[in-house]
Each structure stands twice: as structure tokens, then as C-alpha cells.
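Commentary on secondary and tertiary structure
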Amino acid sequence: MLLKHYFLEKIAHSSYILAGKQTCAVIDPRRDIDHYINEARDLGVTITHILETHLHADFISGHMDLAAKTGAKIYAPKSGNCKFEHIPVSEGDTINIEDMRLDVLETPGHTPEHVVYVVTDRSRGESPIGAFVGDVLFVGDVGRPDLFPDIASELAGKLFDSLHDKLLKFPDYCEVYPAHGAGSLCGRSMGAKWTSTIGYERRHNSSLQIKEKKEFVRTLTSNMPPAPDHFSRCSDINRRGPALVSQLPALEELRPIDFFNRMQDPGSLVLDVRNYAAFAGFHISESWHLDLKGNFPTFTGWVMPADRDILLVADSFQEAVTARLWAHRVGVDRVTGYLNGGMVAWANDGYQIDHVHLISTENLYKRISNSAYPLLLVDVRMPLEFSDTHIKGAINIPAPELRFRYKELHQDKPVYLICSTGNRSSLAASILKQHGFKEVYNVAGGMTGYSAAGHVKQCNVCINTHGPRLTNISL
């Protein structure tokens, strides 16, 4: 038995190859699947099994592409009612791969249809060596049950049963192979370590220390931030079977005049993926801004309409290709064009541009200290970040919520936007500019710079770079 682990940054997704001497399985694959094929080739094995623990919410799975390229069979939870060709599995089913046996456990809680694959290496013994636990159990955390708000309490109760009546019955040495790690939105306090054991989690996982089911349900359904928009969309796409990547629209390099003409289609929008300083300097009017080097996929899935053609502004064609790949990973498939030559070519051809005011943290402090200079300061971080520390007088509206809460702000007043560094506030600025706000300021350096200058205490949530993105969603 050979286990290979793959970790995808930004969405903190873990997938695995479980290999024997001649064949292997891929567990919870991501959408771009060539690295699994290359790895199998290097190992001298054939991919014969594709195992899905559940219908993933935060990314599009690669099961359809992998099956199309390899001919491997897809195994998925029977209760998921998947619409693509697959082998449905449920409690008590067994999958054999050479000397390895995988026993299926139904473990609802994070999602209704969740299963766990418990692997036994029979070449060494009859005791389980590990479990592919999907999103039921993490290092230091458990799956959030509130992705289905109408049945959140019911799922939390089932999660408690799945953990205590099934997973915690395994020996302490049984290894835990989760589908996500620190940085994922599928839990609340995941550790940065990729794997663990049942014994270690039994002793040190705070959620597993809650022995009363009622208290467990209350804890897992209270004070949870809203799930991003793409969570329900991705789950449904994964159930139906995602379109093959090879069938998605190509990325066209467009001259400014062609880019401009494509913009006139009401089914198109512009997404600028440069850094916030470049976007502030000059950008195409009414474009969205998401920094490619930040938490691009999470916010792309969260705020970008999946039913529009997306035209990209980037520093290079390769960056546009990378942005398109990340968009595909979260189910935003209609990325169709790239501005050839970037904003310099756009300006040189005489097209209209817009800008966002940048202000330093020191100048913001001076303006706040001057009572004769009233200002509207909007902190666009998550509520837990805001509650940890914020500037007196700021109002808290998370950046994605400004898409519909912009009406709470007055367009005739200057609006100052702040986040942890300047990236989310740039997204917020792009949203306000789309809705007619003229005087919009982005605080460069955000709360990180403001606290470094000594004006507020350091935000413990913002600086927790290996912490969960439910509380620390930084672009």
C-alpha cells in the first residue's frame, strides 16, 4: 500500500492516491487532473477507482474528467442521487484494490450523503490503517453542518452520531485523511497539519470533547458565518456531473477594440485580477477587482456571477490563464477573454478609465482624529475579525455583502474602506464604484498597517495565517 497526498492552496483541499503494485484509486480529486495521471504513470500503476466521499461544496471535483481520461469507475454515495454514471455505495459495502480493502461507512453530518472509506492493508494485517474521512472530521475540527440551513440542527445531530458511534470506535492508531485543512471554509478551527490519528483527535479535538449531543448541536449551529454563494452551486454541479474541462470555452486574447466590443454584451463583465495598487491607479469602469495572488478562488466563487461571460484584465496572459484555472476550480466556467496588452494598451487606445483613491493608514488616522473632517469608515472584514479589534466608529459590512447592502451607505459622502491588508477593501471599492459611488477610498495596508502604526491593537484573527478562513478570510 502506498499513499500519496496532494494539497491545493487557497481552498486548502486535500486529495489522495491510494496505490497497490499495479492499480490505484484517487480519492476526492480536484478538477485539474493531469497531476494524478502523471503520478500514476511515474508509479507504474493504472487509475482504476475514483472515490468521492461526498458532494463537495467549495470546489468542483475532477471525477468526470478523470473517468473520461482513464476509464476508471466512479464510486459515490448512493444517497447523493448523482446523475452521472457511477457505482453507488452505502453502509457495509466493500471495495477491493489488490491487497487493500475499503469499507464504506455512512457518515452524514457535514452533508446528508457523506461516506467514509476505511482502508485495511491486508498484506500486513486485518486492522484498519486509516480512514478517508472527507469533511466529517478534520485535524482539530469537525465539518460544519450549516451548509443546509433548513436542516442544520438535524445534520449537527447526525454529525455527532457519525463521530461518536462510528469514527471514534476505531483504534487510536487509525490514521485520519481529511479532504481539507487549515484555510478551508468547510470547518471553523482546522489545524495546519494535513493528517492525524483517531487517538490524537479523540484527546485534543475540541469539538470531540463535547460529550452532550445537545451542546454539540448548539455549538455547531451558533455564530457561524454565512456560506459563500458557490457552495450550493458547486454541490449541485458535482451531483449532476461537471462539464469536462476540455469542453469549456477557450480564453481569447482580445485587442482593446475587440475587448471593448465584447463588453457591450449585457451578458459580459470585466474582472481585474491585478494587485489593489494597480487597480486603484487605473482600471476599466465598472470592473470587478479580485487580486489573483490572494484568496482568489474563494471570492471568485462567492461574488462572481456564474452565468456571465468574464473578460479578464491581468498583468500577463499567463496570469489570465491561472485566473481561469482557479475560476474553473470553483465552478465559474465562462472565462472567455483577456485584454491583450493590459491596461497600458487600453489607455493608449483612448478608452475610458476610472480609479480608486488610496490612503495610507497614517493619513486615515489623522482624518479620524480631526473631528472637523467627518467620514464614513466601512470595515469589510468578517464579523469575528471585526469583533476582535476595529477602529472606533467603523461599521462592519463584509465585502461580499456589499453587493446588496451598498444601499445602506450614502453615495454623496466619501466612503473609506478597510480590511486586513487592502485586498478585500479593493473588492468592496469595485462593488461601490459599480453602484455609482464617486469618492471611494481604499486604506492601503488595512488593519495590519493601522495596528503596526500603533493606533489599535493587533488583530489576532487577521495575523493567524494558518487559521480557518471562516474567521480569517483574507484575499
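A quick note: this is a predicted structure, and the numbers were derived from the prediction, not measured.

The next point concerns the packing of helix α1 (residues 34–43) against helix α2 (residues 63–70). Close contact between α1 and α2 brings their axes to 10 Å; oriented N to C, the two are set at 40°. Considering their axes alone, α1 and α2 lie oblique with respect to each other. Viewed along their axes, α1 and α2 form a crossing whose handedness is right-handed. Of the residues in α2, those touching α1 at D34, Y36 and I37 are L66, K69 and T70. Taken together, the residues of the contact of α1 with α2 sort by class into 3 nonpolar, 1 polar and 2 charged.

What follows is about the nonpolar core. Core analysis: the largest hydrophobic core is formed by 48 residues, its most contacted members being L271, L312, L402, L409, L417 and L432. At 5 residues, the largest contribution of residues to this core is made by helix α15 (residues 423–434). Those residues in contact with L312 that lie beyond four places of it in its chain are L251, F259, L271, V273, A320, A323, R324, V335, G337, Y338 and L339. Residues A156, C174, F216 and V217 belong to the second largest nonpolar core, which totals 23 residues.

A large share of strand β5 (residues 73–77) lies buried, amounting to 4 of its 5 residues. Following the chain from strand β4 (residues 46–51) across α2 to the adjacent parallel β5, one finds a crossover that is right-handed. The pairing of β5 with strand β6 (residues 87–89) spans 3 bridges and is classified as parallel. Among the inter-strand pairings, A76 is bridged to a residue of β6, identified as P88.

Another aspect to go through is the packing of aromatic side chains. Scanning the model with the defined rule gives 14 aromatic pairs in all. Relative to W194, the ring of F7 lies with its centre 5.3 Å away and its plane at 35°, an arrangement referred to as tilted. Here W194 lies in the loop between β13 (175–178) and β14 (196–197) and F7 lies in strand β1 (residues 2–8), a separation of 187 residues in the sequence. Residue classification places W194 among the partly exposed residues on the basis of a relative accessible area of 42%.

Of all residues in the protein, 96% have pLDDT values of 70 or greater, and the mean over the chain is 93. This stretch, residues 466–475, has a pLDDT under 50; its non-local contacts, to residues over four places away or in other chains, come to 49 contacts.

Let us look at helix α3 (residues 152–165). Look at α3: 19 Å from first C-alpha to last across 14 residues, which is about the 20 Å you get at 1.5 Å a residue. Taken as a whole, α3 has its buried residues at A152, L155, A156, G157, L159, F160, S162, L163 and H164.

On strand β24 (residues 440–443), burial covers both faces: V440 and N442 on one face and Y441 and V443 on the other are all buried. Pairing analysis gives 3 bridges linking strand β20 (residues 357–359) to β24, with the strands arranged parallel. Pairing of L358 across the sheet is with N442, part of β24. By the bridge criterion, 3 bridges tie strand β23 (residues 415–418) to β24 in an arrangement that is parallel. When the sheet's bridge partners are listed, V415 is paired in β24 with V440. Traced from β23 through α15 to β24, the parallel crossover comes out right-handed.

Once that is clear, we can look at the pattern of salt bridges. All told, the structure shown has 27 salt bridges when counted by the stated rule. In this structure, R262 engages E252 in a salt bridge whose closest nitrogen and oxygen atoms are separated by 3.1 Å. Here the residue R262 occupies a position in helix α7 (residues 256–263), and E252 occupies one in strand β15 (residues 252–254), the gap between them amounting to 10 residues. Relative accessible area serves as the criterion here: at 24%, R262 is assigned to the partly exposed category. The class for E252 is partly exposed, based on a relative accessible area of 39%. One salt bridge in this structure joins K433 and D354, with 3.3 Å as the shortest N-O distance. In this pair, K433 is assigned in helix α15 and D354 in the loop between α11 (342–348) and β20, connecting sequence segments 79 residues apart. A relative accessible area of 14% means that K433 is categorised as buried.

Attention now moves to the sheet that holds strand β19 (residues 335–339). The sheet built from 5 strands is open, its strands ordered β15-β19-β18-β16-β17 with parallel pairing. A strand with exactly one partner marks an edge of an open sheet, and here the two such strands are β15 and β17 (288–289). With 2 bridges joining them, strand β16 (residues 268–272) and β17 adopt parallel strand pairing. What sits directly across from D272, in β17, is H289.

Right, let's get into the environment of F259. When you line up the elements, F259 lands in helix α7. Its relative accessible area of 0% is what places F259 among the buried residues. In sequence terms F259 and G125 are 134 residues apart; their C-alpha atoms lie 62 Å from each other. If we skip the residues at most four places from it in the chain, F259 touches L254, V270, I284, L311, L312, V313, Y338, L339 and W346.

A few words now on unusual backbone geometry. With a phi angle near 75°, K10 is a residue other than glycine that sits in the positive phi range. Position of K10 among the secondary structure elements: in the loop between β1 and β2 (13–19). Despite not being glycine, N81 shows a phi value in the positive range, around 50°. Structurally, N81 can be placed in the loop between β5 and β6.

This part covers the side chain of H180. As for its position among the elements, H180 is in the loop between β13 and β14. Classification of H180 as buried rests on a relative accessible area of 1%. Of note is the side chain of H180, whose polar atom sits 2.8 Å from the side chain of D58. A distance of 2.9 Å separates a polar atom in the side chain of H180 from a polar atom in the side chain of D135. Discounting residues that sit within four places of it in the chain, H180 has contacts with I11, A12, H13, S14, H56, D58, F59, D135, F138, C186 and M190.

Criteria and cut-off values
- Residues numbered from 1 in each chain as written.
- Predicted model: local features only at pLDDT ≥ 70, side-chain atom pairs only at ≥ 80, totals over all residues.
- Heavy atoms only, no water.
- Axes fitted to C-alpha atoms, helices over the stretch in contact; angles between N-to-C directions.
- Helix = DSSP H or I, 4+ residues; strand = E, 2+ residues; numbered from the N terminus.
- Parallel < 35°, antiparallel > 145°, perpendicular 65-115°, else oblique.
- Left-handed = near helix turned anticlockwise from the far one by under 90°.
- Contact = heavy atoms within 4.5 Å.
- Nonpolar A, V, L, I, M, F, W, Y, C, P; charged D, E, K, R; others polar.
- Core = buried A, V, L, I, M, F, W, Y, C linked by side-chain atoms within 4.5 Å.
- Buried < 20%, exposed > 50% of the residue type's maximum accessible area, 1.4 Å probe, protein only.
- Right-handed = clockwise from strand over helix to strand, strands pointing away.
- Pairing = 2+ DSSP bridges.
- Phe/Tyr/Trp six-rings, centres within 6.5 Å; stacked < 30°, edge-to-face > 60°.
- pLDDT = per-residue confidence, 0-100.
- Expected span 1.5 Å × (residues − 1).
- Salt bridge = Lys/Arg side-chain N within 4 Å of Asp/Glu carboxyl O.
- Polar contact = N/O pair within 3.5 Å; in protein donor to acceptor, adjacent residues only side chain to side chain.

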